[in-house]
Amino acid sequence: MSEAPPSSPAPDAASAVHSGSADRFGYEWGRYAELKGIYEEQFRRWTPFMAPEDWRGLTFVDVGCGMGRNSHWPMSYGAAGGLAIDIDERSLASARATLAPHPAMEVRRQSAYELNEVERFDLAFSIGVIHHLAHPETALANMVRAVKPGGRVMIWVYGRENNGWIVRFADPLRKALFSRLPIGLVHALSLPPTALLWLALRLGLDRLEYFRLIRRFDFAHLRSIVFDQMLPKIANYWRRDEVEALMTGAGLEDVQLAWVNEISWAAIGAKPRDGVL
C-alpha cells in the first residue's frame, strides 16, 4: 500500500514540510550538483508530452527543483521563464548556480504546500517529488491553482508496476533503517549496493528499459541514484490508476499518462478554461 494515499487530510503547512525529506535531499543536491549532459535525456523521458519546441515562450513553476536541472532544460529550449522552488538551502544554492545563466528564472525558498501563486503560469511541473510527500493531493492542488485557466500540470512519479521487489524488500529496509540514520552515514552505505548494481549492469542486467538506460551512467551518477532511493522518509510507489485518480481528483481535464522506463509514470492534465474546479 502507498504510505500516503491521495485521500489523506489537508496538512498544516509547517508540520507537513518537516514530515518530508527536504533536508536529506538537500544533502544529495549539495553533493551531486554537477549538470551532466545525460540529465537532458532523463528529463526528456520524464516529460514525454513535451518536445523541446513545445517549451518555447512558456512560463512555468518547477515544484521541488533540487539542483535546478529540470528548469535548466526548458530554459535552454526557449521557455520564457518562471519560478523554481525548494526548501533546503543546499538545494537552493545548487539551483541558483545551475540557473545563473537564465535570469528569467526565480529561485525561491518555498515548499509545495506553501506555493500560493494564482493563475500565473502556463505550466506547473514536479519531477520526482510528489511521491515523497505526505500530502501529495495538497501540493497538486496548489500547482493547479498556480496555472492559468487552460494551463497544464505535469508530474513524474514512481510506479508500482515492475517495482514489486523494491516494495517488498528494499522499501521496508529504507523505512526501518536508512531513513532513520544520519544522512552522511546513508551516503557511505550507498557505496556497496552501487558497486553491485554497476557490476550487474556490466554483466548483462537489461530486463527493463530503465536498466538499459542507467547502464550508460558513470559510477558517480549510479551512486546518486542508489543514494536517492535510500535516503527519503517517504516514498510512494503508485499504480497507473492511482496516478490517474490523483490527477483527476485535482480537477484536471484531458489527463494523459505515459509509462516511463517501464518503472514509473508521467502524467499531464489541463486546468478547466473556465477556472472552475
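Counting restarts for each chain: residues are numbered from 1 in the order of the written sequence. Reporting in this predicted model follows two pLDDT cut-offs: at least 70 for local features of residues, and 80 or more for side-chain atom pairs to be given and counted; totals over whole chains, interfaces and linings ignore these cut-offs and use all residues. By convention in this description, side-chain values take in all heavy atoms of the structure and omit both hydrogens and water.

Caption draft 1: Region of the structure containing the environment of V118. Of note, V118 is situated in the loop between β3 (105-109) and β4 (121-127). Exposure categories follow from relative accessible area, calculated using a 1.4 Å probe and restricted to protein chains: below 20% of the type maximum is buried, above 50% is exposed, and the middle band is partly exposed. Look at V118 and you get exposed, because its relative accessible area is 55%. With 24 residues separating them along the chain, V118 and N142 place their C-alpha atoms 8.6 Å apart. We count a stretch as a helix when DSSP gives it H or I for four or more residues in a row; a strand needs E for two or more, and each element gets its number in order from the N terminus.

Caption draft 2: Region of interest: unusual backbone geometry. Despite not being glycine, E119 has its phi angle at roughly 50°, a positive value. Within the secondary structure layout, E119 lies in the loop between β3 and β4. With a relative accessible area of 37%, E119 lands in the partly exposed category. A positive phi is found at D254, a non-glycine position, where the angle reads about 50°. Summarising the element assignment, D254 is placed in strand β6 (residues 253-260).

Caption draft 3: Quick look at the packing of aromatic side chains. Note on aromatic contacts: the rings of Phe and Tyr and the six-membered ring of Trp form a pair at centre separations within 6.5 Å, being stacked when their planes are under 30 degrees apart, edge-to-face when over 60 apart, and tilted otherwise. Evaluated as defined, the whole model comprises 11 aromatic pairs. Where Y27 meets F227, the ring centres are 5.8 Å apart and the plane angle is 70°; that geometry is what we call edge-to-face. Here the residue Y27 occupies a position in helix α2 (residues 22-31), and F227 occupies one in helix α11 (residues 219-230), the gap between them amounting to 200 residues. Each of the two residues, Y27 as well as F227, counts as buried. Centroid distance W46 to W156: 5.1 Å. Interplanar angle 35°. Geometry classified as tilted. Separated by 110 residues along the polypeptide, W46 in helix α3 (residues 38-46) and W156 in strand β5 (residues 147-158) bring together distant segments of the chain. Side by side, W46 and W156 carry an identical accessibility label, which is buried. A network of ring pairs unites the aromatic residues F43, W55, F60 and F125 as a single cluster. Charges are assigned to positions over rings by a cutoff of 6 Å between ring centre and Lys NZ or Arg CZ, combined with an angular limit of 35 degrees from the ring normal. Of note, R69 hangs over the ring of Y39, and the distance from its end group to the ring centre comes to 4.1 Å.

Caption draft 4: Representation of the UniProt feature "domain: Methyltransferase type" (unreviewed entry) in the chain. UniProt positions are given in the numbering used here, feature names are shortened, and annotations may be inferred rather than shown by experiment. Those residues carrying the UniProt feature "domain: Methyltransferase type" (unreviewed entry) are residues 61-155 in this numbering. Across residues 61-155 one finds 31% helix and 32% strand; the C-alpha atoms that close the span lie 12 Å apart.

Caption draft 5: Representation of the UniProt feature "transmembrane region" (unreviewed entry) in the chain in the model. Following the UniProt record, the feature "transmembrane region" (unreviewed entry) maps to residues 184-205 here. A helix fraction of 82% and a strand fraction of 0% characterise residues 184-205, whose end C-alpha atoms lie 29 Å from each other.

Caption draft 6: Representation of the environment of T138 within the structure. Among the structural elements, T138 can be located in helix α6 (residues 136-146). The class of T138 is buried, set by a relative accessible area of 18%. Put simply, T138 and P101 are 37 residues apart on the chain and 32 Å apart in space, counted from C-alpha to C-alpha.

Caption draft 7: A look at the sheet that holds β5. What the seven strands build is an open sheet, ordered β3-β2-β1-β4-β5-β7-β6; its pairing is mixed. Only two strands of the sheet have a single partner each, and these edge strands are β3 and β6. For this sheet the average axis-to-axis angle between neighbouring strands, irrespective of direction, equals 15°. Sheet topology note: the strand β1 (residues 59-63)/strand β2 (residues 81-86) ladder contains five bridges and is parallel. When the sheet's bridge partners are listed, T59 is paired in β2 with G81. Here a strand pair is declared whenever DSSP counts at least two bridges between the two strands. Axis definition: a line fitted to C-alpha atoms, limited for helices to the stretch in contact. Angles are taken between N-to-C directions and run from 0 to 180 degrees.

Caption draft 8: The arrangement of the side chain of S111 in detail. Of note, S111 is situated in the loop between β3 and β4. Relative accessible area serves as the criterion here: at 5%, S111 is assigned to the buried category. Polar contacts involving the side chain of S111 include one to the main-chain amide nitrogen of Y113, which spans 3.1 Å. Within 3.5 Å is the distance limit for a polar contact, defined as a pair of N or O atoms, with the added protein rule that one can donate a hydrogen and the other accept it, and that residues adjacent in sequence qualify only through two side-chain atoms.

Caption draft 9: Fine view of the pairing of strand β7 (residues 264-270). Of all seven residues in β7, seven are buried; the element is thus mostly enclosed. Of the two faces of β7, the one lined by S264, A266, I268 and A270 and the one lined by W265, A267 and G269 are each fully buried. Sheet topology places β5 next to β7; seven bridges connect them, and they run antiparallel. Counterpart to V157 in the pairing with β7 is W265. One ladder, built from six bridges, connects β6 with β7; its direction is antiparallel. In the strand pairing of β7, L257 is matched with A267. Connecting β6 to the antiparallel partner β7 that follows it, the hairpin turn spans three residues, and N261 within it adopts a positive phi of roughly 55°.

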